[in-house]
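Here is how the chains run, residue by residue.
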Amino acid sequence: ATPMSVMVGVGRGAKEGVLIRDAEILEIMEKVDTIVVDKTGTLTKGRSAVTAIETQGDWSESDVLAIAAAVEQSSEHPLGRAIVEYAEASDTQRRVAKDFQSTTGKGVVAEVDGKHVAIGNPNWLAELNVTGLESVRDPAEQHQANAATVVYVAVDRSLAAIIAIKDPIKSSTPDAIQALHSLGLRVVMLTGDARSTAEAVAKQLGIDDFRANVSPEAKHDFVQQLKQEGKTVAMCGDGINDAPALAASNVGIAMGTGTSVAMESAGVTLVGGDLRGVVAAKQLSQKTMRNIR
Ligand code: ADP
Ligand code: MG
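Remember, predicted model here, so these are calculated numbers, not experimental data.

A word on the sheet that holds strand S8 (residues 158-166)
In spatial order, the strands read S3-S8-S7-S6-S5-S4; together these six strands make up an open sheet with antiparallel pairing. With partners counted over all chains shown, the strands left at the sheet margins are strand S3 (49-55) and strand S4 (97-103), one partner each. Put simply, the sheet's adjacent strands are angled 20° from each other on average, direction ignored. The pairing of strand S5 (residues 107-112) with strand S6 (residues 115-120) spans six bridges and is antiparallel. Counterpart to Glu 111 in the pairing with S6 is His 116. Along the sheet, helix H7 (residues 137-145) contacts S3, strand S7 (148-155) and S8; its crossing angle with S7, the most-contacted strand, is approximately 150°.

So this is what it looks like as structure tokens:
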């Protein structure tokens, strides 16, 4: 039977926007020593905005935008939404894409006006035999050092543009990270994003432990590895790409603002997507377990 004080703890969490699926989670939370956090949509708003488009060759900004928006129309990814919103705001011509395919953590492809269009990270586009990726290395680095994510747009396997997209850090995140550190917890940031973007975000938040270019499987493996080392791990994430890691962790913590797949894979949901809920959950678990003993 669940002790009364645990039930009370779960109820108290709910009032603070920390939805705890079952009482046992509160007991495990007390033992958590490592917090693994996803970047996009977890530390950041996940509501990105386009900050720059740099086209290649004869491509005009409006043509690239029209094609990219047509493809991203079918994507649920925050990066995709940013491109669509930017295209709508700049009144570009509407195009229709067909044969849309999304590869989680890598990018999207579709056909627009008979052309093969691929949008995503450069490693993946290289695998798709896209040419011209090296020529934008310097501008891409510059945007990334500014904490922007750079996505690459290729048409018929030739680079047409890079799009810099900036996703602001949530106002609640710095406090949350600081509080987690002062509770003596190790905080590790994992992201599918590029190294320099990850570094810029981590630096702003005082996180010195981070991994970039991490695929959804690698996020899962990283959590698994920590558990094998004897750590008790809470994984915080918002996306489909985080679901395997959430499921593998001791306590999966999903952002209530994220995808339902993440919430289904997690034991805790933070209603407003406010990471301070992790601090609240940890403190609640400590109080509750002290009451039981
Ligand atoms: P994170 O781990 O930070 O939440 P993801 O794993 O979702 O990031 O994505 C990793 C990378 O894959 C992105 O930085 C981007 O380069 C690429 N990508 C994924 N989905 C899309 C998309 N819909 N459009 C463009 N690029 C995408
Ligand atoms: Mg995410």
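Looking at the environment of Ser 102
As for its placement among the helices and strands, Ser 102 is situated in strand S4. Among the residues examined, Ser 102 registers 19 C-beta atoms within 10 Å and is labelled partly exposed. When the C-alpha positions of Ser 102 and Ala 118 are compared, they lie 9.8 Å apart, and in sequence the two are 16 residues distant. Ignoring any residue separated from it by four or fewer positions in sequence, one finds Ser 102 in contact with Ser 75 and Val 108.

Notes on the packing of helix H1 (residues 4-15) against helix H13 (residues 276-292)
H13 packs onto H1 with a crossing angle of 160° between their chain directions and a minimal axis gap of 9 Å. Viewed along their axes, H1 and H13 adopt a mutual orientation that is roughly antiparallel. Seen along the crossing, H1 lies across H13 with a hand that is right-handed. For the pair H1 and H13, contact is made by Ser 5, Val 6, Gly 9, Arg 12 and Gly 13 and by Ala 280, Ala 281, Leu 284, Thr 288, Asn 291 and Ile 292, respectively. Here the residues of the contact of H1 with H13 sort into five nonpolar, five polar and one charged.

Here's the deal with the site of ligand 1
Residues in close proximity to ligand 1 total 23 residues, the closest being Thr 40, His 77, Gly 105, Asn 121 and Gly 192. Sorting the residues of the shell around ligand 1 by element identifies helix H3 (39-43), helix H5 (78-89), S5, S6 and S7 as the ones contributing at least two each. The element that contributes the greatest number of residues to the shell around ligand 1 is H3, accounting for three residues. Of the residues in the shell around ligand 1, the class split is four nonpolar, 14 polar and five charged. In this structure, the shell around ligand 1 is formed jointly by two domains, domain 1 (4-45 + 169-292) and domain 2 (49-166), each of which donates at least three residues.

Some thoughts on the domain arrangement of the chain
If you check the domain split of the chain, you get domain 1 (4-45 + 169-292) and domain 2 (49-166). Using only C-alpha atoms to locate each centre, domain 1 and domain 2 end up separated by 30 Å. With 14 residues of domain 1 at the interface, the matching set in domain 2 holds eleven residues. Elements that contribute at least two residues to the side of domain 1 that touches domain 2 include exactly H3 and helix H9 (195-205). No other element matches H9, which puts five residues into the side of domain 1 that touches domain 2. Here the side of domain 1 that touches domain 2 is built from residues that sort into five nonpolar, eight polar and one charged.

As for H7
If you check which residues of H7 are buried, you get Ala 140, His 143 and Gln 144. Down the axis, H7 shows its buried residues gathered within 100° of arc, on one side only. More than 90 degrees from the buried face of H7, the exposed residues found are Asp 138 and Ala 145. Against the buried residues of H7 lie S3, S7, S8 and H9. Just past H7, the residue Ala 147 takes up positive phi, approximately 75°.

Considering the nonpolar core
If you look at the biggest cluster of nonpolar residues, it comprises 91 residues, and the most contacted ones within it are Ala 68, Val 71, Ile 83, Val 153, Ile 163, Ile 253 and Val 278. Split by domain, the residues of this core number at least three in each of domain 1 (4-45 + 169-292) and domain 2 (49-166). Excluding residues within four positions of it along the chain, Ala 68 makes contact with Ile 83, Ile 119, Val 153 and Ile 163.

Rules used throughout
Residues numbered from 1 in each chain as written. Chains lettered and ligands numbered in written order. Predicted model: local features only at pLDDT ≥ 70, side-chain atom pairs only at ≥ 80, totals over all residues. Pairing = 2+ DSSP bridges. Helix = DSSP H or I, 4+ residues; strand = E, 2+ residues; numbered from the N terminus. Axes fitted to C-alpha atoms, helices over the stretch in contact; angles between N-to-C directions. Contact = placed C-beta atoms within 7 Å. Buried ≥ 20, exposed ≤ 12 C-beta atoms within 10 Å, placed from the backbone. Parallel < 35°, antiparallel > 145°, perpendicular 65-115°, else oblique. Left-handed = near helix turned anticlockwise from the far one by under 90°. Nonpolar A, V, L, I, M, F, W, Y, C, P; charged D, E, K, R; others polar. Near = placed C-beta within 6 Å. Domains from an automatic or database assignment. Arc of directions from axis to C-beta. Core = buried A, V, L, I, M, F, W, Y, C linked by C-beta atoms within 7 Å.

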